[in-house]
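# Summary of structural features
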Protein chains: 2
Amino acid sequence: MKRRVTKQRELIIKVLENNRTHPTADWIYEKVKKEIPDISKGTVYRNLQVLLEDGVITELNLDGILARYEEKQKTHYHFKCEKCGRVIDLDEPVLQGINERVAKKTGFKVSGHQAEFHGLCKNCQ
Amino acid sequence: MKRRVTKQRELIIKVLENNRTHPTADWIYEKVKKEIPDISKGTVYRNLQVLLEDGVITELNLDGILARYEEKQKTHYHFKCEKCGRVIDLDEPVLQGINERVAKKTGFKVSGHQAEFHGLCKNCQ
DNA sequence: TTAGGTGCAAAACCTTTGCCATCCC
DNA sequence: GGGATGGCAAAGGTTTTGCACCTAA
């Protein structure tokens, strides 16, 4: 499927580029709405889907209810505060060679991994 | 809140005890229904909530849509097949000391972590 | 007896989809 | 022009909840 450049899609990307908060689809919708007031939620979801397919963004599911999104970047881990719900990027070095180790042990084809820590952030202790 | 022993709750626990498939709430409901035909989905969800609170089971969110549950056990990692969707336990040794390292570096109170690998399982390659 | 639990059904939510108009290339 | 995209609203699917009736302790 050949992609086109639309202002809606561009704005969604821009919102995610300038953002470290791992927003939900709804948050993105509200943000984008300020600039394109009659954008629809369906468009946001459809574009997030497209951007996921194209590998531009990553979907996080730490939540159980809402998906969260972030701009694609090198692998890193997340910390989710159990009290305030914030999701924070960690700069803990990514484990080297662990994908290969799992692949060797299991016979699976391992394309990656993700990890989330949980507990209380500084503000919530 | 004082908990009571009900056949519904006991059966849900039993289903999760004899199960390595990380079932969804709906799967649990269908299973339990065979023994208690007029159990309601609300009861299943309410009990899963209670069991989560009590730390009897763990909720996994690898999916984006459905939550999955498993009996609580010592920390271990999961592998999710991107094709068939199965979630498989790994026996990769859990990383020691990594919670403490993150805690020290960030100042957060870290109570645990989880990790999921993804790729293709043996059957799907 | 009585607070916690259950069934049922409706409500609440998040996400996807169909349809048709619109816009990009 | 033609296919990709967007807006709108309805549909879909999962989870939560209100309420009246049970039941374990």
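The present account deals with the structure reproduced in this document. Remember, it's a predicted structure, so these values are computed and weren't measured experimentally.

A few words on the interface of chain B and chain A. Opposite the 35 residues of chain B that make contact, chain A presents 35 residues. Summed over both sides, the interface between chain B and chain A buries roughly 3,000 Å², with carbon and sulfur atoms accounting for 57% of that surface. Per-residue buried area on chain B facing chain A is highest for Glu92, Phe108 and Phe117 of chain B; these three make up 20% of the total on that side. The interface formed by chain B and chain A includes 4 salt bridges. The tally of links from chain B across to chain A stands at 18 residue pairs in polar contact (both at pLDDT 80 or more). Of all the secondary structure elements, the ones that give two or more residues to the side of chain B that touches chain A are helix H4 (98-106) and strand S5 (109-120) of chain B. With 12 residues, S5 of chain B is the largest single contributor of residues to the side of chain B that touches chain A. Taken together, the residues of the side of chain B that touches chain A break down into 14 nonpolar, 12 polar and 9 charged. One ladder, built from 11 bridges, connects strand S5 (residues 109-120) of chain A with S5 of chain B; its direction is antiparallel. Counterpart to His118 of chain A in the pairing with S5 of chain B is Gly112 of chain B.

Let us now look at the packing of helix H1 (residues 7-17) of chain A against helix H3 (residues 41-53) of chain A. Residue and element names in this part refer to chain A. The geometry of H1 relative to H3 is characterised by a closest axis approach of 10 Å and an angle of 70° between their N-to-C directions. One finds that H1 runs roughly perpendicular with respect to H3. Together, Gln8, Arg9, Ile12, Ile13 and Leu16 of H1 and Thr43, Val44, Asn47, Leu48, Val50 and Leu51 of H3 make up the contact between the two elements. For the contact of H1 with H3, the class distribution of residues is 7 nonpolar, 3 polar and 1 charged.

What follows concerns the protein's contact with DNA strand D. By nearness alone, 22 residues border DNA strand D, and Arg4, Thr6, Arg9 and Thr43 of chain A together with Tyr45 of chain B come closest of all. In DNA strand D, the atoms that sit within 4 Å of the protein are 66% sugar and phosphate, with bases accounting for the remainder. In this structure, Arg9 of chain A approaches DNA strand D through a side-chain N or O atom, which is 2.8 Å from a phosphate oxygen. At 2.7 Å from a phosphate oxygen of DNA strand D is found a side-chain nitrogen or oxygen belonging to Thr43 of chain A. Contributing elements (two or more residues each) for the surface near DNA strand D: H1 and H3 of chain A together with helix H3 (41-53) of chain B.

Side-chain direction in a regular strand flips from residue to residue, so the side chains alternate between the two faces of the sheet. Across 4 bridges, strand S3 (residues 78-81) of chain B lies against S5 of chain B in parallel orientation. Each residue of the ladder has a partner; that of Cys81 of chain B, found in S5 of chain B, is Gly119 of chain B.

The rules we used
Residues numbered from 1 in each chain as written. Chains lettered and ligands numbered in written order. Predicted model: local features only at pLDDT ≥ 70, side-chain atom pairs only at ≥ 80, totals over all residues. Heavy atoms only, no water. Contact = heavy atoms within 4.5 Å. Buried area = accessible area lost by both parts, 1.4 Å probe. Salt bridge = Lys/Arg side-chain N within 4 Å of Asp/Glu carboxyl O. Polar contact = N/O pair within 3.5 Å; in protein donor to acceptor, adjacent residues only side chain to side chain. Helix = DSSP H or I, 4+ residues; strand = E, 2+ residues; numbered from the N terminus. Nonpolar A, V, L, I, M, F, W, Y, C, P; charged D, E, K, R; others polar. Pairing = 2+ DSSP bridges. Axes fitted to C-alpha atoms, helices over the stretch in contact; angles between N-to-C directions. Parallel < 35°, antiparallel > 145°, perpendicular 65-115°, else oblique. Near = heavy atom within 4 Å.

That is the geometry; function is a separate question.
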